[in-house]
Amino acid sequence: MAQTTPVHPVDEVPPVRQLAAFGLQHVLAMYAGAVAVPLIVGGAMKLSPADLAYLITADLLVCGIATLIQCIGFWRFGVRLPIMQGCTFAAVSPMVLIGTTGGGLPAIYGSVIVAGLAIMLLAPVFGSLLRFFPPLVTGTVILIIGISLLPVAGNWVAGGAGSADFGAPKNIALAGFVLVVVLGVQRFAPAFLSRIAVLIGIGVGLAVAVPFGFTDFDGVADADWVGISTPFHFGAPTFEFSAIVSMLVVALVTMTETTGDLIAVGEMTDRRIDPRSLSDGLRADGLSTVLGGVFNTFPYTAYAQNVGLVGMTGVRSRWVVATAGGVLVLLGLLPKLGAVVAAVPAPVLGGAGLVMFGTVAASGLRTLTQVDFKGNNNLTVVAVSVAMGVLPVGVPTIYEKFPDWFQTVMNSGISAGCLTAIVLNLLFNHLPRKAGSAAPEPDGLAGGGAEEGVEKSREEVV
């Protein structure tokens, strides 16, 4: 009797009922974060409700396509693991700056397309660059991302920047109520519900906000039931040097984030990542980002909350996440849904945003716990990098006397902090030391390899 080769859990196809349930769970886990990026960028640019709804539906559509590419794959695109794709928060600050300083959406999309092409070109060689992105750098950058986004949540809590009732007690009370709901669900609800605590908080907050007159749904009635995002809906992309430089920095951060997520999922599913599969995954990120620039949305990366969901549920099939990608494609073809999301009042988003963006910052701190700060200069690297990242957030006009290209790069706390962390890590942990000092740190500072130069004190290295 012929023996059949056992199917790896990653390639196993569960029954249709389980595919639907587990796939929907992944959608619910990432939905609030997925729509947050178009809401932030569109809100900062003061787009109309119709344009905001268009951004959301376009984002959901490309989220689904990007997830299908990553999970199912074709040729050398896609890591073929249960990886959910969504818009990266790392690009929010640079895109808001590009969009609000005269370039508009066409300049954003031009820089996004270039960044996506750069990711595809760099994917095969990025493995050799990983030693410059140890947990010391990635943890610092993720921490800065969270801190940089917290003022956005603060503006939402107060009612939205520029709103007539900004700072009204009722706005702050509604945001506080949503925050309490999110925390209550996280603490006391069953495990399944606790994983979608943010989405439940937004839903409950919206239900309370409607009868109190916080919002209206006029835009929902005007929206079409079915619609398809067309390429370059907001005009042909423009390619501005300063915007491209800023987005290329974001591309490096995005590649680093995705690399960490791919390695984590590979370990959870017992299918370890090798250089080829890593390149395939990063190449899929680049292709999805190019599609984002063409179809009126933003850069894409692996979503960490879904990585955690794979670990918690133990469901390792990539076809489950592929099903979730199919659900997102369907949602992206329903503009009425985008209009509903666009009608969510700012204080409701603010209460949830405090949790979401604070979680990003806390994730950076968790990554930094892998770093040894004894007997070395790693604390200096983190301190100066965070300071440079927070500086333009706390004092937005600090670089207004500088050239436009400099402002685009340095006015983004994420770009400024990332560049500082990379340079300082090279300075303290990679350049040869003077004779008589501690031995230079060994190579191999990669996401999954030895990291003695950052993880151990100099005495241990010697």
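Residues numbered from 1 in each chain as written. Predicted model: local features only at pLDDT ≥ 70, side-chain atom pairs only at ≥ 80, totals over all residues. Heavy atoms only, no water.

1. As for the overall build of the chain
Along the backbone of the chain there are 20 helices and 2 strands. Long-range contacts, defined here as pairs at least 24 residues apart, represent 82% of the contacts in the chain between residues at least 6 apart. If you sum the accessible surface of the chain, you get close to 19,300 Å²; carbon and sulfur atoms cover 68% of it. (Helix = DSSP H or I, 4+ residues; strand = E, 2+ residues; numbered from the N terminus. Contact = heavy atoms within 4.5 Å. Areas by Shrake-Rupley, 256 points an atom, 1.4 Å probe, with all protein chains shown as cover.)

2. Description of unusual backbone geometry
Apart from glycine, the bulk of residues carry a negative phi angle, and the bulk of peptide bonds sit in the trans form. Unusually for a residue other than glycine, R80 sits at a positive phi of about 60 degrees. Within the secondary structure layout, R80 lies in the loop between helix 2 (49-71) and strand 1 (85-87). R80 sits in the partly exposed class, given a relative accessible area of 24%. In the Ramachandran plot, N296 falls in the positive-phi region, its phi being about 70 degrees despite a non-glycine side chain. Positionally, N296 belongs in the loop between helix 11 (275-294) and strand 2 (300-302). On the basis of relative accessible area, N296 is assigned to the buried category, the value being 0%. (Buried < 20%, exposed > 50% of the residue type's maximum accessible area, 1.4 Å probe, protein only.)

3. Some points on empty space enclosed by the protein
Regions of empty space are outlined by a rolling probe, equal in size to a water molecule, passed over the atoms. Under the definition given, this model contains 3 cavities of 30 Å³ or more. The computed volume of the largest cavity comes to approximately 50 Å³. Contributions of two or more residues to the lining of the largest cavity are made by helix 5 (135-158) and helix 10 (241-268). It is helix 5 that provides the largest number of residues to the lining of the largest cavity, a total of 4 residues. When the residues that make up the lining of the largest cavity are grouped by side-chain class, the tally is 6 nonpolar, 2 polar and 1 charged. (1 Å grid on protein atoms, 1.4 Å probe; cavity = no way out; pocket = protein on both sides within 12 Å on 5 of 7 lines; lining within 4 Å. Points joined across faces, edges and corners; volume = space filled by probe spheres on them. Nonpolar A, V, L, I, M, F, W, Y, C, P; charged D, E, K, R; others polar.)

4. Points about the environment of S242
Assignment of secondary structure puts S242 in helix 10. S242 sits 135 residues away from A107 along the chain, and the two C-alpha atoms are 10.0 Å apart.

5. Regarding helix 15 (residues 346-368)
Residue pairs three or four apart in sequence face the same way in an α-helix, which turns once every 3.6 residues. Taking 1.5 Å per residue as the helical rise, helix 15 with its 23 residues ought to reach 33 Å, and the 32 Å between its terminal C-alpha atoms agrees with that figure. The sharpest bend along helix 15 comes to roughly 35 degrees, located at A352. (Expected span 1.5 Å × (residues − 1). Bend = angle between axes of the 7 residues up to and from the residue.)

6. With respect to the nonpolar core
Ranked by internal contacts, the top residues of the largest apolar core, which has 91 residues, are F89, M95, I108, I145 and F298. Ranked by residues supplied to this core, first place goes to helix 1 (residues 16-44) with 10 residues. The contact partners of F89, leaving out residues within four places of it in the chain, are G33, A36, V37, I40, I145, L149, Y303, F357 and I414. I144, A361, V371 and V382 belong to the second-largest nonpolar core, a separate cluster that totals 10 residues. (Core = buried A, V, L, I, M, F, W, Y, C linked by side-chain atoms within 4.5 Å.)

7. Digging into the confidence of the model for the chain
Per-chain confidence: the chain averages 79 in pLDDT, with 84% of residues scoring 70 or above. Averaged pLDDT values for the elements of the chain fall to 34 in helix 20 (residues 458-461) and rise to 92 in helix 4 (residues 104-122). Note on residues 439-462: pLDDT is under 50 here. Beyond four places in sequence and across chains, it has 60 contacts. (pLDDT = per-residue confidence, 0-100.)

8. Digging into the packing of helix 6 (residues 169-188) against helix 15
In the contact formed by helix 6 and helix 15, the axes pass within 7 Å of each other and the chain directions differ by 45 degrees. Overall, the two elements helix 6 and helix 15 adopt an arrangement that is oblique. By crossing handedness, the relation of helix 6 to helix 15 is classed as right-handed. Side by side, helix 6 and helix 15 meet where N171, L174, A175, V178, L179 and V182 of the first sit next to P347, V348, G351, A352, L354 and V355 of the second. Taken together, the residues of the contact of helix 6 with helix 15 break down into 10 nonpolar, 2 polar and no charged. (Axes fitted to C-alpha atoms, helices over the stretch in contact; angles between N-to-C directions. Parallel < 35°, antiparallel > 145°, perpendicular 65-115°, else oblique. Left-handed = near helix turned anticlockwise from the far one by under 90°.)

9. Details of the environment of L97
By secondary structure assignment, the location of L97 is in helix 3 (residues 92-100). Since its relative accessible area comes to 17%, L97 is described here as buried. Considered as a pair, L97 and V41 are 56 residues apart in the sequence and their alpha carbons are 9.2 Å apart.

10. Some thoughts on the environment of G64
The residue G64 is located in helix 2 in this model. We classify G64 as buried; its relative accessible area is 0%. In this structure, the C-alpha to C-alpha distance between G64 and G325, residues 261 residues apart in sequence, is 4.0 Å. With residues near it in sequence (within four places) discarded, G64 still touches G325, L328 and V329.

11. Side note on the packing of helix 3 against helix 10
Orientation of helix 3 relative to helix 10, taken along the N-to-C sense of each, is 170 degrees, at an axis distance of 10 Å. In terms of axis orientation, helix 3 runs roughly antiparallel to helix 10. Taking contact as the criterion, the partners of P94, M95 and I98 in helix 3 are, on helix 10, A243, S246, M247 and V250.

12. A closer look at the packing of aromatic side chains
With the rule as written, the count across this model stands at 5 aromatic pairs. Ring plane angle 45 degrees and centroid distance 6.1 Å describe the contact between W75 and F77, whose orientation is recorded as tilted. The class of W75 is exposed, set by a relative accessible area of 68%. Ring geometry for Y399 versus F402: centroids 5.7 Å apart, planes at 85 degrees, classification edge-to-face. We classify F402 as partly exposed; its relative accessible area is 38%. An aromatic cluster is built from F74, W75 and F77, whose rings are joined through pairwise contacts. (Phe/Tyr/Trp six-rings, centres within 6.5 Å; stacked < 30°, edge-to-face > 60°.)

13. Focus on the pattern of salt bridges
Working definition: two side chains of opposite charge can pair if their charged atoms are close together. Here the structure, examined in full by the defined rule, presents 5 salt bridges. For D11, the salt bridge is made with R271, and the minimal N-O distance between the two is 2.7 Å. Linking D11 in the segment before helix 1 with R271 in the loop between helix 10 and helix 11, this pair joins segments that are 260 residues apart in sequence. On the basis of relative accessibility, which here comes to 25%, the residue D11 falls in the partly exposed class. Residue R283 is joined to D280 by a salt bridge in which the shortest nitrogen-to-oxygen separation is 3.0 Å. With R283 and D280 both in helix 11 and 3 residues apart, the pair spans about one turn of that helix. Each of the two residues, R283 as well as D280, counts as buried. Three or more residues joined by partner-sharing salt bridges are found here, namely D11, R271 and R318. (Salt bridge = Lys/Arg side-chain N within 4 Å of Asp/Glu carboxyl O.)

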